[in-house]
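Examination of the molecular architecture
What follows is each chain in one-letter form.
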Amino acid sequence: MAAIQKPTSRADFRIAIICALPREADAVTLLIDEFWDDDGDVFGRARGDTNTYVTGRLGIHNVVLAVLPAMGTSNAAVAAAGLRSSYSNLKLALIVGICGGVPRIKGNNAFLGDVIVSKTIIQYDYGRRYPGHFEVKKTVDDSLGRANKDIRGLLASFETEFGYERLKTKAAAHLKRLQEEAARKRRRADYDYPGMTRDKLFLPTYRHSHRDSCDTCCGGSINICEVAAKASCEEVGCSETNLVTRERTSTEGDYCPHISIGCLGSGNTVIKSGEDRDRIATQHDIIAFEMEGAGAWDEVPCIVVKGICDYSDSHKNKRWQDFAAATAAAVARALLEWYIRDNGHEAIHGNWKQEASVKATSEGQNQPTSVKFGKQNSGFQAGIINGPVSGLTFGGK
């Protein structure tokens, strides 16, 4: 393997990570091996890019991390466009964080803390509202399309039993490391597994609301008052007789998140209705709901990796968010360990000799203008290439 060297410019970065919430980014940073900007930003950004970045090394990859100013597809689209302009050699962006889950995925139970990986994305709230129903736009012009071959090949490897076992084993090890690092640094977030007794799934028709002395909740309508919406199930008195009985095979001592790959529902709507969740999920074969993937999907090649923190119903709360962010970060780290660098990336990191003359652009970013490559200890010799070298691909290793 080539020696790991500090990148010299933004052209050396192939991997980006996008987080919508600070708590999601906090979990990711606990798994970054080395930071390149401990002494301040050294890489800058393109003119017009409003993102703030953290750069570092995650395994063999140089990564750039961006945190969105707010949730939603629009904010994700703007951030992804900024990433693309500043880091023009990106091959893959991971959108890492938390999501609302669907309780049953491909006939199996899904639990809080499990991780969802996107194979496709559908913007379920983009369409036409007719009297009595809503129709999602699915035409060729409106569809988000499928991922590129590079991503499809990577995900296909994880759909084999062998690949899935490797991914899950690595993720479990990274989750343990994250928890230990958080304890060492005395982080305020609680990344420990909350326990199966706190993983509560209510019947989809059972609403989270006050049971008495509330005109809004108890007035015969389907509305829930603002106080009830912000209160816990214990505070409003949700009856556990309406829980769905389920069992998980693993114990708390050997917890390992289950990983599901499939279609994610992405939109600007927070799903807080068990009935709507099941209806939309069944209609579009959705395994989870989130709010950033649809915005970034057309801007950069991306995979959404998110931990389930609630069941997309009226009983949702924030108790599981830190743990779900941790499991997502662990799976994202494990996924990247099986992402193969191309030869163009290795050329920058030591398998090829490099001689470059550099000139400053009007943005102040240094970019190679002529490069001479020759493979070490071989007869291969390339000619001089004039102009920017981003996007070059080299044959052979």
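Small disclaimer: the values here were computed from a predicted structure and weren't measured.

Helices and strands together make up the secondary structure of the protein chain, namely 10 helices and 16 strands. When each of the 397 residues of the protein chain is scored for burial, the buried share is 48%. Look at the contacts in the protein chain between residues 6 or more apart in sequence, and 74% of them connect residues 24 or more apart. As displayed, the protein chain has an accessible area near 19600 Å², and 48% of this comes from carbon and sulfur atoms.

Looking now at unusual backbone geometry. In the Ramachandran plot, Lys 106 falls in the positive-phi region, its phi being about 55° despite a non-glycine side chain. Positionally, Lys 106 belongs in the loop between strand 6 (104–105) and strand 7 (108–109). One non-glycine residue, Ser 312, lies in positive phi territory at about 55°. Looking at the secondary structure, you find Ser 312 in the loop between strand 13 (302–310) and helix 9 (321–337).

Bringing the pattern of salt bridges into the picture now. Applying the stated criterion to the full structure yields 18 salt bridges. The residue Asp 322 makes a salt bridge to Arg 23 at a minimum N-O spacing of 2.7 Å. Placement of Asp 322 in helix 9 and of Arg 23 in helix 1 (residues 22–29) is noted, with a sequence separation of 299 residues between them. Here Arg 23 falls in the partly exposed class, since its relative accessible area comes to 26%. The partner of Glu 290 in a salt bridge is Lys 306, and the shortest N-O contact between them spans 3.0 Å. You can see Glu 290 sitting in strand 12 (residues 286–290) and its partner Lys 306 sitting in strand 13, a full 16 residues away along the chain. The residues Glu 290 and Lys 306 share a single accessibility class, namely buried. Because the salt bridges share partners, they merge into one network encompassing Asp 33, Glu 34, Arg 57, Lys 170, Arg 177, Arg 333 and Glu 337.

What follows deals with the nonpolar core. It is characteristic of soluble globular proteins that their nonpolar side chains tend to be buried jointly. If you look at the biggest cluster of nonpolar residues, it comprises 90 residues, and the most contacted ones within it are Leu 94, Val 117, Ile 303 and Leu 335. Among the elements that make up this core, the one with the highest residue count is helix 9 (12 residues). Here Leu 335 is in contact with Leu 94, Val 117, Leu 154, Phe 158, Leu 167, Ile 303 and Val 305, once residues within four sequence places are set aside.

Quick look at the side chain of Ser 266 now. Residue position: Ser 266 is located in strand 11 (residues 259–266). Residue Ser 266 is classed as buried on the basis of its relative accessible area of 0%. At 3.4 Å, the side chain of Ser 266 and the backbone nitrogen of Gly 293 are in polar contact. Ignoring anything within four residues of it in the chain, the contact list for Ser 266 reads Thr 73, Ile 121, Ile 122, Gln 123, Tyr 124, Asp 125, Glu 290, Met 291, Glu 292, Gly 293 and Ala 294.

Attention now goes to the environment of Ser 232. On the secondary structure map, Ser 232 appears in the loop between helix 5 (226–230) and helix 6 (233–236). Each C-alpha atom, one on Ser 232 and one on Asn 317, is 7.0 Å from the other, the two residues being 85 residues apart in sequence.

Here we take up helix 9. Here helix 9 is 17 residues long and its end C-alpha atoms lie 25 Å apart, about the 24 Å a rise of 1.5 Å per residue gives. Along helix 9, 16 of the 17 residues are buried, which leaves the element largely enclosed by surrounding structure.

Moving on to the packing of aromatic side chains. Applying the stated rule across the entire model yields eight aromatic pairs. Judged by centre distance (5.4 Å) and plane angle (50°), the rings of Tyr 193 and Phe 323 are tilted. Of this pair, Tyr 193 sits in the loop between helix 4 (161–184) and helix 5 while Phe 323 sits in helix 9, and the two are 130 residues apart along the sequence. Note on accessibility: Tyr 193 and Phe 323 belong to one class, buried. Taken together, a centroid distance of 6.1 Å and an interplanar angle of 75° make the contact between Trp 320 and Phe 323 edge-to-face. Accessibility assignment for this pair places Trp 320 and Phe 323 in one class, buried. Ring pairing ties together the aromatic residues Phe 13, Phe 43, Tyr 53 and Tyr 87, which thus form one cluster. Lying across the ring of Phe 111, Arg 246 places its NZ or CZ 4.5 Å from the centre.

Turning our attention to the packing of helix 4 against helix 9. Remark: helix 4 packs on helix 9, axes separated minimally by 8 Å, with the N-to-C direction vectors making an angle of 130°. Taken together, helix 4 and helix 9 sit at an angle that is classed as oblique. In this structure, helix 4 meets helix 9 at a crossing whose hand is right-handed. Between helix 4 and helix 9, the contacting residues are Leu 167, Lys 170, Ala 171, His 174, Leu 175, Arg 177, Leu 178 and Gln 179 on the first element and Phe 323, Ala 326, Thr 327, Ala 329, Ala 330, Val 331, Arg 333, Ala 334, Leu 335 and Glu 337 on the second. When grouped by side-chain class, the residues that make up the contact of helix 4 with helix 9 number 11 nonpolar, three polar and four charged.

Once that is clear, we can look at the packing of helix 1 against helix 9. For any two helices packed against each other, the geometry is given by the interaxial angle and the distance between the axes. Interaxial distance between helix 1 and helix 9 falls to 8 Å at its minimum, and their mutual angle equals 45°. Relative to helix 9, the element helix 1 lies oblique. The element helix 1 and its partner helix 9 pack so that their crossing is right-handed. Packed against helix 1, whose contacting residues are Arg 23, Glu 24, Ala 27 and Val 28, the element helix 9 presents Gln 321, Asp 322, Ala 325, Ala 326 and Ala 329 at the interface.

To continue, consider the side chain of Arg 57. Checked against the element boundaries, Arg 57 lands in strand 3 (residues 53–58). Once residues within four sequence positions are removed from consideration, Arg 57 is found in contact with Ile 4, Ile 32, Asp 33, Glu 34 and Trp 36.

Reading the values: rules and limits
- Residues numbered from 1 in each chain as written.
- Predicted model: local features only at pLDDT ≥ 70, side-chain atom pairs only at ≥ 80, totals over all residues.
- Heavy atoms only, no water.
- Helix = DSSP H or I, 4+ residues; strand = E, 2+ residues; numbered from the N terminus.
- Buried < 20%, exposed > 50% of the residue type's maximum accessible area, 1.4 Å probe, protein only.
- Contact = heavy atoms within 4.5 Å.
- Areas by Shrake-Rupley, 256 points an atom, 1.4 Å probe, with all protein chains shown as cover.
- Salt bridge = Lys/Arg side-chain N within 4 Å of Asp/Glu carboxyl O.
- Core = buried A, V, L, I, M, F, W, Y, C linked by side-chain atoms within 4.5 Å.
- Polar contact = N/O pair within 3.5 Å; in protein donor to acceptor, adjacent residues only side chain to side chain.
- Expected span 1.5 Å × (residues − 1).
- Phe/Tyr/Trp six-rings, centres within 6.5 Å; stacked < 30°, edge-to-face > 60°.
- Lys NZ or Arg CZ within 6 Å of the ring centre and 35° of its normal.
- Axes fitted to C-alpha atoms, helices over the stretch in contact; angles between N-to-C directions.
- Parallel < 35°, antiparallel > 145°, perpendicular 65-115°, else oblique.
- Left-handed = near helix turned anticlockwise from the far one by under 90°.
- Nonpolar A, V, L, I, M, F, W, Y, C, P; charged D, E, K, R; others polar.

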